[in-house]
Amino acid sequence: MAPAPSFRGHQWTYNPVRGSCLLLLLVVMSNLLLCQGKSCPSCSPYLLATSMSSLTDLFIEVAWLSHDFHNLSTIVFKEFNETYAQGKLYHINATNSCHTNVFDFPEERDKAHQLNNENITKWTLVLLYCWNNPLYHLVKELDTTKELPETFLSSLTEIENMSERLQAFIESHFRKIIVPVLKIIRNAPSVWSEHQYMKSRDEDRRHSEMYNLFHCLHRDSRKVDMYFKILACRARKTC
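What you see is a predicted model; the values in this text were computed from it and never measured. (Residues numbered from 1 in each chain as written. Predicted model: local features only at pLDDT ≥ 70, side-chain atom pairs only at ≥ 80, totals over all residues. Heavy atoms only, no water.)

J.: Is there a simple way to think about the overall build of the chain in this case?
T.: Summing up its helical and strand segments, the chain has 9 helices and 2 strands in all. Expressed as a percentage of the 239 residues in the chain, the buried residues total 49%. For the chain, long-range pairs separated by at least 24 residues make up 81% of all intrachain contacts whose partners lie at least 6 apart in sequence. As displayed, the chain has an accessible area near 12100 Å², and 53% of this comes from carbon and sulfur atoms. (Helix = DSSP H or I, 4+ residues; strand = E, 2+ residues; numbered from the N terminus. Buried < 20%, exposed > 50% of the residue type's maximum accessible area, 1.4 Å probe, protein only. Contact = heavy atoms within 4.5 Å. Areas by Shrake-Rupley, 256 points an atom, 1.4 Å probe, with all protein chains shown as cover.)

Structure below.
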């Protein structure tokens, strides 16, 4: 039996790990709502207030998961940088090459605090969805080529698993925001398509592409961690 589809960026791909059909159903529902001209059911800025207060313990746990997600992403980037990027100029264009630059994510904590609970949760999910395709293809490519040590592959597989668990938390408890998130991504100029540089015969180009991905993942995982920690402290009413 074929595995259930999972949303990855702009595409639907088959993911043997994740078997939920929830998002497929929601995309269909989204199209129906848009065709009928009805407004999205999640328009209230106070949508998450009651739900958050009842999920305080879960928010604390998921904040620790987001911390591990960022920490492991940082370790992978630093290890790749130290092993493959010394003496190279990969860092010059790394920030500008991030596929998530098409979105105006709040970068600093004080700006993120200005968002209401619904919007910060939406941006968190947008970020996580945008990394589904790159992580999937990067893990697949490294598993096929065996170019990097097994430790990189195992770490990236764990990062992909953590990302899916973070997504599952939001999808399970705040389902009404998924349709607006999918609409945000669909309306973006572009997100990410499989970069052919990863399959180039030129080792320097391959490593440059990997460096960019690891650098951008390190940067974006910091945002994800920051957003979850803000939501957790709001759930606990300590910020």
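Next comes the rest of the description.
J.: Where do I start with the confidence of the model for the chain in this structure?
T.: Reading predicted coordinates in detail is not appropriate for stretches of low pLDDT. On average, residues of the chain score 80 in pLDDT, and 76% of them reach the 70 mark or higher. For the chain, strand 2 (residues 11-14) is the element with the lowest average pLDDT, namely 32, and helix 7 (residues 150-173) is the one with the highest, namely 96. (pLDDT = per-residue confidence, 0-100.)

J.: What exactly am I supposed to notice about the nonpolar core here?
T.: Across soluble globular proteins, you tend to see nonpolar side chains buried next to one another. The biggest cluster of nonpolar side chains holds 64 residues, and the ones touching the most others in it are Phe59, Phe103, Leu156 and Phe214. Among the secondary structure elements, those contributing two or more residues to this core are helix 3 (56-84), helix 5 (117-130), helix 6 (132-145), helix 7, helix 8 (178-186) and helix 9 (203-235). Considering each element in turn, this core owes the most residues, 14 residues, to helix 9. Among residues more than four places away in sequence, those in contact with Leu156 are Val76, Leu135, Leu138, Val139, Leu142, Phe214 and Leu217. (Core = buried A, V, L, I, M, F, W, Y, C linked by side-chain atoms within 4.5 Å.)

J.: What exactly am I supposed to notice about helix 6 here?
T.: Spacing of three or four residues puts side chains on the same side of an α-helix, whose turn is 3.6 residues. The end-to-end C-alpha distance of helix 6, which contains 14 residues, comes to 20 Å, matching closely the 20 Å that a straight helix rising 1.5 Å per residue would cover. Looking at helix 6, one finds that the buried residues are Asn132, Asn133, Pro134, Leu135, His137, Leu138, Val139, Glu141 and Leu142. Count one or two residues on from helix 6 and you reach Lys146, which has phi positive near 55°. (Expected span 1.5 Å × (residues − 1).)

J.: Sorry, what's going on with the state of the cysteines here?
T.: Any covalent bond linking the sulfur atoms of two cysteines counts as a disulfide. In the structure shown here, the tally under the stated rule is 2 disulfides. Paired by a disulfide, Cys98 and Cys216 hold their sulfur atoms 2.0 Å apart. In this structure the cystine formed by Cys98 and Cys216 twists about its S-S bond by roughly -95°; its chirality is therefore left-handed. Highlighted residues: Cys98 in the loop between helix 3 and helix 4 (109-113) and Cys216 in helix 9, separated in sequence by 118 residues. For Cys98, a relative accessible area of 4% translates into the label buried. Looking at Cys216, the relative accessible area reads 2%, which means it is buried. Here Cys233 engages in a disulfide with Cys239; their sulfurs sit 2.1 Å apart. Taking the sign of the torsion about the S-S bond as the criterion, the disulfide between Cys233 and Cys239, at about 80°, is right-handed. What makes Cys233 buried here is its relative accessible area of 15%. (Disulfide = S-S within 2.5 Å.)

J.: For this particular structure, what's the right way to read the pattern of salt bridges?
T.: Close approach of charged atoms lets side chains of opposite charge pair. With the rule as written, the count across this model stands at 9 salt bridges. Taking the shortest distance from any N to any O, the salt bridge between Arg206 and Glu147 comes out at 3.0 Å. Placement of the pair is Arg206 in helix 9 and Glu147 in the loop between helix 6 and helix 7, with a sequence separation of 59 residues. A relative accessible area of 22% places Glu147 in the partly exposed class. In this structure, Arg219 engages Asp220 in a salt bridge whose closest nitrogen and oxygen atoms are separated by 3.2 Å. Comparing Arg219 with Asp220 shows no difference in burial state: the two are buried. (Salt bridge = Lys/Arg side-chain N within 4 Å of Asp/Glu carboxyl O.)

J.: Would you mind going over the environment of Asn96 with me for this structure?
T.: Tracing the backbone through its elements, the reader meets Asn96 in the loop between helix 3 and helix 4. For Asn96, a relative accessible area of 63% corresponds to the exposed category. Separated by 116 residues in the primary sequence, Asn96 and Asn212 have C-alpha atoms spaced 9.2 Å apart.

J.: Explain the packing of aromatic side chains to me, please; I cannot follow it from the model alone.
T.: Two numbers describe a pair of aromatic rings. These are the distance of the centres and the angle of the planes. Inspection of the entire model under this criterion finds 14 aromatic pairs. Ring geometry for Tyr84 against Phe152: centres 6.2 Å apart, planes inclined by 65°, an arrangement best described as edge-to-face. You can see Tyr84 sitting in helix 3 and its partner Phe152 sitting in helix 7, a full 68 residues away along the chain. In terms of burial, Tyr84 and Phe152 fall into one category: buried. One aromatic cluster in this structure is built from Phe59, Phe169, Phe174 and Phe228. (Phe/Tyr/Trp six-rings, centres within 6.5 Å; stacked < 30°, edge-to-face > 60°.)

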